[in-house]
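Chain by chain, the residues run as shown.
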Amino acid sequence: MFTTELLGYLWNFEFFVAAFLFGLGLATLGSGLFTAYFGAGKSQQIGFGLIVMAILVLGLQYHQTYIADPATFDAANFRYGLIAAIAAMVGMGAGMFAVLFILMKVDTVDDLEDLDLEDLEDLDLDEELKKLEEELAAADGGDVSDDGGDDAPTEDADKEDKA
Amino acid sequence: MSAEMTLALTLFTVGFAIVLLGMGALVAYYGSKKTRYAGFGFILLGAVATGYWNSQSFAGGAWAEVAMLDSMLAVAGGFAGAIVGVIIFLVAIIKS
């Protein structure tokens, strides 16, 4: 049903072109305003350039839709396209909200049950660090006087400890 | 219901279904245990929304009369235009 409808359909690409120009204009206008406001020097100039480009694109589209006679774009088609694009974006937003809401509500803690957090709480980090230092020292040839990998002289390390 | 409202409802359903199917596929693939089941649920919900949309439009339901396919083209065009705009912005910033 769906595929036969699509295969035999004569697409009206005016919808695509009008929406493409409008999307291009809005995106360049938004990024241009952002860059012109927050940018400095060259970036700010680029922002102004993008704003000019957006005004040209949107102005051209407005002229070709509502002012020019005969008009290149049909105003009704443009309106339908705009409604469709906004509705699709709202639908996508609703879908994202539903997914995130359900994922937050679903108790996914049992995915982490392999982690024994009680063991982590009982862990003495100082003890573990000492053990690691001893193992490293043993691996380096039995020199246990190492102060933990710091290249600073031992006196400096002592001072730091006192501080 | 007016043609504009019908069109908006149709495209809302399309967007909702696309996001649920896409996110459901991702969550079902990368999730584990309960999260994965939630992903399958999203896919099911997306399939239900797609089926309802199909029954209301292509199967001759209440939404059959609106210019839905052309409007989907407009949605694709809008996204393409926005992406091109962002690419222009990035190229201009990176090249400066």
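Bear in mind that the values here come from a model prediction, so they are computed numbers and not experimental data. (Residues numbered from 1 in each chain as written. Chains lettered and ligands numbered in written order. Predicted model: local features only at pLDDT ≥ 70, side-chain atom pairs only at ≥ 80, totals over all residues.)

Undergrad: Would you mind going over the overall build of chain A with me for this structure?
TA: Secondary structure assignment for chain A yields seven helices and zero strands. In sequence order, chain A lays out its α and β elements as α-α-α-α-α-α-α. Each of the 163 residues in chain A was classed as buried or not, and the buried ones make up 21%. (Helix = DSSP H or I, 4+ residues; strand = E, 2+ residues; numbered from the N terminus. Buried ≥ 20, exposed ≤ 12 C-beta atoms within 10 Å, placed from the backbone.)

Undergrad: Before we go on, may I ask you to explain the overall build of chain B in this structure?
TA: What chain B contains, in helices and strands, is three helices and zero strands. For chain B, contacts bridging at least 24 residues in sequence account for 53% of all contacts bridging at least 6. (Contact = placed C-beta atoms within 7 Å.)

Undergrad: Sorry, what's going on with helix α3 (residues 42-67) of chain A here?
TA: Between the first and last C-alpha of α3(A) there are 36 Å, a value that for 26 residues agrees with the 38 Å anticipated at 1.5 Å per step. The complete set of buried residues in α3(A) reads A:Ile46, A:Gly47, A:Leu50, A:Ala54, A:Val57 and A:Gln61. Along its buried surface, α3(A) packs onto α2 (14-38) of chain A together with α3 (68-95) of chain B. (Expected span 1.5 Å × (residues − 1).)

Undergrad: I tried to follow the interface of chain A and chain B on my own but got confused; where do I start?
TA: Where interface size is given, it is often the accessible area lost as the parts come together that is meant. With 46 residues of chain A in contact, the opposing surface of chain B contributes 44 residues. Counting residues per element, the ones that place at least two in the side of chain A that touches chain B are α1 (2-7), α2, α3 and α4 (75-105) of chain A. It is α4(A) that provides the largest number of residues to the side of chain A that touches chain B, a total of 17 residues.

Undergrad: Honestly, the confidence of the model for chain B in this entry has me stumped. Any pointers?
TA: In regions of low pLDDT, the predicted coordinates are not meant to be interpreted in detail. Scored by pLDDT, chain B comes out at a mean of 87, with 100% of its residues at no less than 70. With pTM at 0.68, the complex prediction returns an ipTM value of 0.84. (pLDDT = per-residue confidence, 0-100.)

Undergrad: Even after reading the chapter, I still don't get the packing of helix α1 (residues 3-30) of chain B against α3(B), so can you show me in this structure?
TA: The packing of two helices is summarised by the inter-axis angle and the distance between the axes. All names here are of chain B. Axis separation between α1 and α3 bottoms out at 11 Å; the angle between their running directions is 60 degrees. With respect to each other, α1 and α3 are oriented oblique. By crossing handedness, the relation of α1 to α3 is classed as right-handed. Where α1 approaches α3, its residues Leu 7, Thr 10, Leu 11 and Val 14 are matched on the opposing element by Met 68, Ser 71, Met 72 and Val 75. (Axes fitted to C-alpha atoms, helices over the stretch in contact; angles between N-to-C directions. Parallel < 35°, antiparallel > 145°, perpendicular 65-115°, else oblique. Left-handed = near helix turned anticlockwise from the far one by under 90°.)

Undergrad: What's the story with the nonpolar core in this structure? I'm lost.
TA: Counting residues in hydrophobic clusters, the biggest one holds 48 residues, and the most contacted among them are A:Ala18, A:Ala19, A:Ala84, A:Ala88, B:Leu11, B:Leu20 and B:Ala74. When residues of this core are traced back to their parent elements, those giving at least two are α2, α3 and α4 of chain A together with α1, α2 (34-56) and α3 of chain B. It is α1(B) that provides the largest number of residues to this core, a total of 11 residues. If we ignore the near neighbours within four places in the chain, the residues touching A:Ala84 are B:Leu7, B:Leu11, B:Ser71, B:Ala74 and B:Val75. (Core = buried A, V, L, I, M, F, W, Y, C linked by C-beta atoms within 7 Å.)

Undergrad: I tried to follow unusual backbone geometry on my own but got confused; where do I start?
TA: Trans peptide bonds make up the majority, and among non-glycine residues the majority have a negative phi. The linkage connecting A:Asp69 with the following residue, A:Pro70, adopts the cis geometry, with an omega of 5 degrees. By the secondary structure assignment, A:Pro70 is in the loop between α3 and α4. Of note, the phi angle at B:Lys33 is positive, near 50 degrees, even though the residue is not glycine. Relative to the helices and strands, B:Lys33 resides in the loop between α1 and α2.

Undergrad: So what exactly am I meant to see when it comes to the packing of α3(A) against α3(B) here?
TA: In the contact formed by α3(A) and α3(B), the axes pass within 10 Å of each other and the chain directions differ by 150 degrees. One way to sum up the angle between α3(A) and α3(B) is to call them roughly antiparallel. The crossing of α3(A) and α3(B) is right-handed. Touching A:Ser43, A:Ile46 and A:Leu50 of α3(A) are B:Phe89, B:Ala92 and B:Ile93, all from α3(B). Residue classes in the contact of α3(A) with α3(B) are distributed as five nonpolar, one polar and no charged. (Nonpolar A, V, L, I, M, F, W, Y, C, P; charged D, E, K, R; others polar.)

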